[in-house]
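Notes for the structure review
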Amino acid sequence: MYTYREDAVQKGDLMLDDLNSLEMRRSMLLGEFLGLGDLRPGSITAVSRRCGKPSCHCAKHNDPGHDPQFRLTRRVAGKTVTETFPNPTALRKAQQEVAEFHRFQKLSQDLVTLNEKICQLRPVAQERGGWTEQEKKRLLRSMKRWRGK
Ligand SMILES: [Zn+2]
């Protein structure tokens, strides 16, 4: 019977096993980026409105006010830009776009975390160490040049 863990007794093998599974998770994660829809940053807040007329119901202390106004704010070059929505459909569209942006941020964070682990586990040089013949020649040539000066 095939048992994977018993095959991977050596620590190096275990590390490669981890590396492989991390790379697999990275591929899946990268695939999720392709599923992202329209996205944009910003935060949507509701502002309850009072029109200011003393005779209006909204002037009463415990009145909830008029329909709340929804705004999207975002920072552009250090300044806050505010956007309001003409109708509920426009608001829902923006909510979807902002939610998608948060999904993008979460995916990005996960991708970086995963890559940090991969970088830690990745051996320095898998194929070979030392200089190649070409590198050696190039190095020696440049050293002669330095000495010649
Ligand atoms: Zn009012």
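Up top is the structure these notes are about.
Residues numbered from 1 in each chain as written. Predicted model: local features only at pLDDT ≥ 70, side-chain atom pairs only at ≥ 80, totals over all residues. Heavy atoms only, no water.

**With respect to a nonpolar patch on the surface**
Heads up, the condition is: A patch consists of residues exposed above 30% relative accessible area that lack any salt bridge, with like charges linked at up to 9 Å and nonpolar side chains (Val, Leu, Ile, Met, Phe, Trp, Tyr) linked at up to 5 Å. The Shrake-Rupley method, run with a 1.4 Å probe, gives the accessible areas here. Residue values count only the displayed protein chains as cover. The salt bridge definition used is simple: a Lys or Arg side-chain nitrogen within 4 Å of an Asp or Glu carboxyl oxygen. Note on conventions: DSSP H or I runs of at least 4 residues are helices, E runs of at least 2 residues are strands, and numbering of each starts at the N terminus. Buried means the residue's accessible area, taken with a 1.4 Å probe over protein chains only, is under 20% of the maximum for its type, while exposed means over 50%, and partly exposed covers the values in between.
Residues Trp131, Leu139, Leu140 and Met143 make up a contiguous nonpolar surface patch of roughly 390 Å² in combined accessible area. Note on placement: Trp131 falls in the loop between α3 (88-121) and α4 (133-148). For Trp131, a relative accessible area of 54% corresponds to the exposed category.

**Overview of the coordination of the zinc ion**
What counts, and what does not: Shown as donors are all N, O and S atoms within 2.8 Å of a metal ion, widened to 3.2 Å for Na, K and Ca; because water is not in the atom set, sites may appear incomplete. In this scheme the shape depends on donor count and angles: four donors with every angle between 85 and 135 degrees give tetrahedral, four or six donors with opposite pairs above 155 degrees and others between 65 and 115 give square planar or octahedral in turn, and any other case is irregular.
Those protein atoms acting as donors to the zinc ion are Cys51 (SG), Cys56 (SG), Cys58 (SG) and His66 (NE2), and they sit at 2.0 to 2.4 Å. Around the zinc ion sit four donor atoms, and with donor-metal-donor angles ranging over 106 to 114 degrees the site reads as tetrahedral. Each donor residue of the zinc ion belongs to the same chain, with the gaps between them written as C-x4-C-x1-C-x7-H.

**So, the pattern of salt bridges**
Counted by the stated rule, this structure contains seven salt bridges. The closest approach of N and O atoms between Arg103 and Glu100, which form a salt bridge, is 3.4 Å. Note that Arg103 and Glu100 are positioned in helix α3 at a spacing of three residues, about one turn of the helix. Here the salt bridges do not stand alone but share partners, grouping Arg40, Glu83, Lys93 and Glu97 into one network.

**Comments concerning the packing of aromatic side chains**
Rules: Ring pairs are drawn from Phe, Tyr and Trp, using the six-membered ring of Trp, whenever the two centres fall within 6.5 Å, and their geometry is named by plane angle: stacked under 30 degrees, edge-to-face over 60, tilted for the rest.
For the structure on display, the rule yields two aromatic pairs. Consider the rings of Phe33 and Phe104, whose centres lie 6.2 Å apart with planes at 85 degrees: the pair is edge-to-face. With Phe33 in helix α2 (residues 11-34) and Phe104 in helix α3, the pair connects residues that are 71 residues apart, well separated along the chain. Measuring from ring centre to ring centre gives 6.0 Å for Phe101 and Phe104, while their planes differ by 40 degrees; the resulting arrangement is tilted. Of this pair, Phe101 and Phe104 are both found in helix α3, three residues apart, which corresponds to roughly one turn of the helix.

**As for the pairing of strand β2 (residues 66-76)**
Quick reminder of the rule: Strand pairing is assigned whenever DSSP detects at least two bridges linking the two strands.
Across six bridges, strand β1 (residues 43-49) lies against β2 in antiparallel orientation. Counterpart to Val47 in the pairing with β2 is Gln69. Between the end of β2 and the start of strand β3 (residues 79-84), which pair antiparallel, lie two residues, with Ala77 showing a positive phi angle near 50 degrees.

**Digging into a positive patch on the surface**
Worth spelling out the cut-off: When charges are counted, Lys and Arg contribute as positive and Asp and Glu as negative, whereas His and the chain ends are disregarded. The location of each charge is read from NZ of Lys, CZ of Arg, CG of Asp or CD of Glu.
A cluster of basic residues, Lys137, Arg138, Arg141, Lys144 and Arg145, forms a positive patch at the surface. Within the secondary structure layout, Lys144 lies in helix α4. Residue Lys144 is classed as exposed on the basis of its relative accessible area of 58%.

**Quick word on the sheet that holds β3**
Put simply, the test is: Helix axes use the C-alpha atoms of the stretch in contact, all axes being lines fitted to C-alpha atoms, and the angles between their N-to-C directions lie in the range 0 to 180 degrees.
Read from one edge to the other, the open sheet built from three strands follows the order β1-β2-β3, with strand pairing classed as antiparallel. Strand pairing shows two members of the sheet lacking a second neighbour, β1 and β3, which therefore form its edges. Averaged over all pairs of adjacent strands, the angle between their axes in this sheet comes to 35 degrees, without regard to strand direction. Bridge count for β2 against β3 is six bridges, and the pairing is antiparallel.

**Describing the environment of Arg25**
Considering the arrangement of structural elements, one finds Arg25 in helix α2. In sequence terms Arg25 and Leu114 are 89 residues apart; their C-alpha atoms lie 8.1 Å from each other.

**Details of the nonpolar core**
Considering soluble globular proteins, one finds that nonpolar side chains tend to be buried as a cluster. Going by this rule: We call a set of buried Ala, Val, Leu, Ile, Met, Phe, Trp, Tyr and Cys residues a nonpolar core when their side-chain atoms join them within 4.5 Å. In this analysis, two residues are considered to be in contact whenever any of their non-hydrogen atoms come within 4.5 Å of each other.
Grouped together as the largest cluster of nonpolar side chains are eight residues: Leu19, Leu22, Leu29, Leu36, Leu107, Leu111, Leu114 and Ile118. Of all the elements in the fold, those that place two or more residues in this core are α2 and α3. Among the elements that make up this core, the one with the highest residue count is α3 (four residues). Non-local contacts of Leu114, meaning those with residues more than four positions away in its chain, are made with Leu22, Arg25, Arg26 and Leu29. Within the second largest apolar cluster, five residues are counted, among which are Leu72, Phe85, Ala94 and Val98.

Any link to function would need more than the numbers given here.
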